[in-house]
Amino acid sequence: NKDFYEELIRCKEKDELSEELVRMFLLMCERLSRKMTYQNPQDREDCIQTACLSFCRYWRSFNPEITKNAFSYFTSLSSMGMAKGWNDLQKGKPNDALSVPSETIYSI
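Note that the structure is predicted; figures quoted are calculated from it, not measured.

Asks: Any details on the overall build of the protein? Residues and values, ideally.
Replies: The helix and strand inventory of the protein stands at 4 helices and 0 strands. Starting at the N terminus, the α and β elements of the protein follow one another as α-α-α-α. Evaluated residue by residue, the protein yields a buried proportion of 28% over its 108 residues. Sequence-distant contacts in the protein: of pairs separated by 6 or more residues, those separated by 24 or more amount to 66%. With the model as given, the accessible surface of the protein reaches about 8,100 Å², and the carbon-plus-sulfur share is 53%.

Asks: Kindly report on the pattern of salt bridges, identifying the contributing residues and their values.
Replies: Counted under the stated rule, the structure contains 5 salt bridges. Of the charged contacts, one joins lysine 91 and aspartate 88 as a salt bridge, the two residues approaching to 3.8 Å between their closest N and O atoms. Note that lysine 91 and aspartate 88 are positioned in helix α4 (residues 70-91) at a spacing of 3 residues, about one turn of the helix. Taken together, the shared-partner salt bridges in this structure form one network comprising Lys84, Asp88 and Lys91.

Rules used in this analysis
- Residues numbered from 1 in each chain as written.
- Predicted model: local features only at pLDDT ≥ 70, side-chain atom pairs only at ≥ 80, totals over all residues.
- Heavy atoms only, no water.
- Helix = DSSP H or I, 4+ residues; strand = E, 2+ residues; numbered from the N terminus.
- Buried < 20%, exposed > 50% of the residue type's maximum accessible area, 1.4 Å probe, protein only.
- Contact = heavy atoms within 4.5 Å.
- Areas by Shrake-Rupley, 256 points an atom, 1.4 Å probe, with all protein chains shown as cover.
- Salt bridge = Lys/Arg side-chain N within 4 Å of Asp/Glu carboxyl O.

Laid out in C-alpha cells, this is it:
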C-alpha cells in the first residue's frame with residue numbers, strides 16, 4: 001500500500017505512468033479477479049483488461065489531499081472496471097430463458 005502510494009505520487013509529479021505502477025495495478029487486478037468465478041478464462045482476461053483501461057483513463061483523478069489510501073481508491077476502480085467488462089461481455093451472449101413460440105399457446 002505504501003509503495004503503491006509513493007509510486008503514484010511520483011507518476012503524478014512526472015505526469016506519466018511508470019512500468020512499476022502499471023505492474024502493481026495489474027497485480028491488484030489479477031488478485032481481485034481470483035475472487036470471482038469465470039467459466040471461460042478469456043472472460044477473466046477481458047475483464048482485467050477493461051479494468052486496466054479504466055486505470056489508464058482515471059489514474060490522474062486520484063487526489064492525495066482527500067485521502068492517502070490509494071490502494072482503496074484503485075481497488076474500487078478496478079472492481080468497477082471488471083464489472084463493466086463483465087456487463088459488456090454479457091450483452092453479446094444469448095439469454096438463457098426458454099422461449100415458446102406464440103402459435104403453440106392456447107387460451108380457454
